[in-house]
Amino acid sequence: MTTDPQFLHLHRRRRMLAALGGMALAPLATAVRAQPAIAPGTPIRVLIGVPAGGTQDVLTRAIAQEVRESLGPLIVDNRSGAAGRIAVDVVKTAAPDGHTLLLGTASMMTMFPSAYRNLTYDPVKDFQPIINAARFELALVVHKDVPANTVAEFIAWAKKQPGGVSFASYGAGTPSHFLGEMLNRSAGLSMVHVPYRGSTPARQDVMGGIVPAYFDTVGGALQLLPTGRVKVIATSGEKRSPLMPNLPTFVESGLKDVVATAWFAYYAPLKTPKPVVDQLRAEFTRAVNSREVRQQLLQNGMYPVGDGPEALLKTMREDTARWAAIMKAVNFQAND
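Residues numbered from 1 in each chain as written. Predicted model: local features only at pLDDT ≥ 70, side-chain atom pairs only at ≥ 80, totals over all residues. Heavy atoms only, no water.

A. Geometry of unusual backbone geometry. Phi angles above zero are rare outside glycine, and Ala82 is one such case at about 55 degrees. In this fold, Ala82 is placed in the loop between strand S2 (74-78) and helix H3 (85-92). By relative accessible area, which is 35% here, Ala82 ends up partly exposed. A positive phi is found at Asn331, a non-glycine position, where the angle reads about 55 degrees. Within the secondary structure, Asn331 is located in the segment after helix H11 (309-330). (Helix = DSSP H or I, 4+ residues; strand = E, 2+ residues; numbered from the N terminus. Buried < 20%, exposed > 50% of the residue type's maximum accessible area, 1.4 Å probe, protein only.)

Listed below in C-alpha cells is the structure:
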C-alpha cells in the first residue's frame, strides 16, 4: 500500500464524502418507503361506461364513502357510448398511478372479445385486475298484459304468436341479450332481439307494452314491480335469488342451460405498480365487506364478492370461454 501523503489525503476525502452522501440519502429513502402508495386527498377517477344513475354508480359511490379517509375522494366519471368501450379505452391509456380506474363489467371484459371483430383492447393484456366487487343475476320481466305467470306459460304463449315475439335487452352483446338467446335455444323459440342503449329506455318500453318482454337485472326488476305494470317470471341463477325467493329459476322450470350471472370488477392500467394495486385492493376489499356497503348492494340487487386479482382472472377466463361458445352457437357478431 502506498504511503504517499497526497494519495492518502484523497483516499480519506473520498471515503468521507461517500459516508456523508449515504447519511444524506438515508432519511430520504426512509421517507419514500414510509410514504403510502396513494397519497390521501388526491382524487381517484373511476370511469363507468354507462350514464349516471344505475347500479354501477350505486356500487362505486357506496365504496367511495368507505375509503374516503384512507384513499381520498373517489369521483365517478360516466363515459357512456360504444357499449362502454369508450371508458375502457380511456383507462387503458391513462397514467398507471392508481388515480384512474375502470369499473369493468362482464360484458366489457369477457363477452366483447368474441362479440367485436375490431376490439381496441385486450381485457387480460391491457389491465391490472384489482377486485371483483359484486355480482348479480337477471330476470325475465314481461308486460302485465302478457297472459303468462310461469316460464312454461310464457313459452307456450310465445309459440302461438303469429307475428312472433320480441324481447328487449339493455345492450347488444350483454348478458341481458344472451339470456334471451339462451331461452330461444333451450325452448325452441324464435324471439327477435331488440337492443336498447341502457336499462332505462328498455324498462320504459316494457312498462308501456312497446316490447312484451325484457331481461333485466334482478335489482331492476325489483324496482319495476311496484308500478303494477309488469310481472317477473323467473330469475337466471343456478339457485333462487335471495332477493326474489318466491320466484323459480329457469333451471327449476326445466331449462337447465339457461343460466346467466354477471359482475362488476375494478381495474387499473396494466403497468400500475404493485404497491398501488395492493393498496387499492386492500381498501376496496375492506369496503365491500363493510356492513354499510353490503346493505346498499343487496338493496340494489347485487351480491358482494370481494375476489382478488387471481380469482378475478380465473372468472374472466372461464366466462370468456363460456360466452364465446354461446355466441358461436347463435352466430352473433356485433357491429363495430
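Don't stop here, the text continues.
B. Expanded view of the side chain of Asp126. Considering the arrangement of structural elements, one finds Asp126 in the loop between helix H4 (106-115) and strand S4 (127-143). From its side chain, Asp126 meets the backbone nitrogen of Asp122 in a polar contact 2.7 Å long. Among all residues touching Asp126, those that are not within four sequence positions of it are Lys92, Tyr121, Pro269 and Leu270. (Polar contact = N/O pair within 3.5 Å; in protein donor to acceptor, adjacent residues only side chain to side chain. Contact = heavy atoms within 4.5 Å.)

C. Expanded view of the nonpolar core. Counting residues in each nonpolar core, the largest one holds 100 residues, and the members touching the most others are Leu59, Ile63, Phe154, Leu183, Phe250 and Tyr266. Beyond its immediate chain neighbours, meaning those up to four positions away, Leu183 contacts Phe154, Ile155, Gly188, Leu189, Met191, Phe215, Phe250, Leu255 and Val258. (Core = buried A, V, L, I, M, F, W, Y, C linked by side-chain atoms within 4.5 Å.)

D. Region of the structure containing helix H9 (residues 274-288). The terminal C-alpha atoms of H9 lie 21 Å apart, and with 15 residues this matches the ideal 21 Å at 1.5 Å per residue to within 8%. All of the buried residues along H9 are Val276, Val277, Gln279, Leu280, Glu283, Phe284, Ala287 and Val288. Along the axis of H9, the buried positions cluster into a sector of 165 degrees, meaning they face one direction only. The exposed set on the far side of H9, more than 90 degrees from its buried face, consists of Lys274 and Pro275. (Expected span 1.5 Å × (residues − 1). Arc of directions from axis to C-beta.)

E. Geometry of the packing of aromatic side chains. On inspection of all chains with the given rule, the structure shows nine aromatic pairs. Taking the centre distance of 5.0 Å and the plane angle of 80 degrees together, the rings of Phe112 and Tyr116 count as edge-to-face. Measuring from centroid to centroid gives 5.1 Å for Phe178 and Phe332, while their planes differ by 85 degrees, and the two rings are edge-to-face. Here Phe178, found in helix H6 (residues 175-187), pairs with Phe332, found in the segment after H11; they are 154 residues apart in sequence, far enough to count as distant. Overall, Phe332 belongs to the buried group, its relative accessible area being 17%. (Phe/Tyr/Trp six-rings, centres within 6.5 Å; stacked < 30°, edge-to-face > 60°.)

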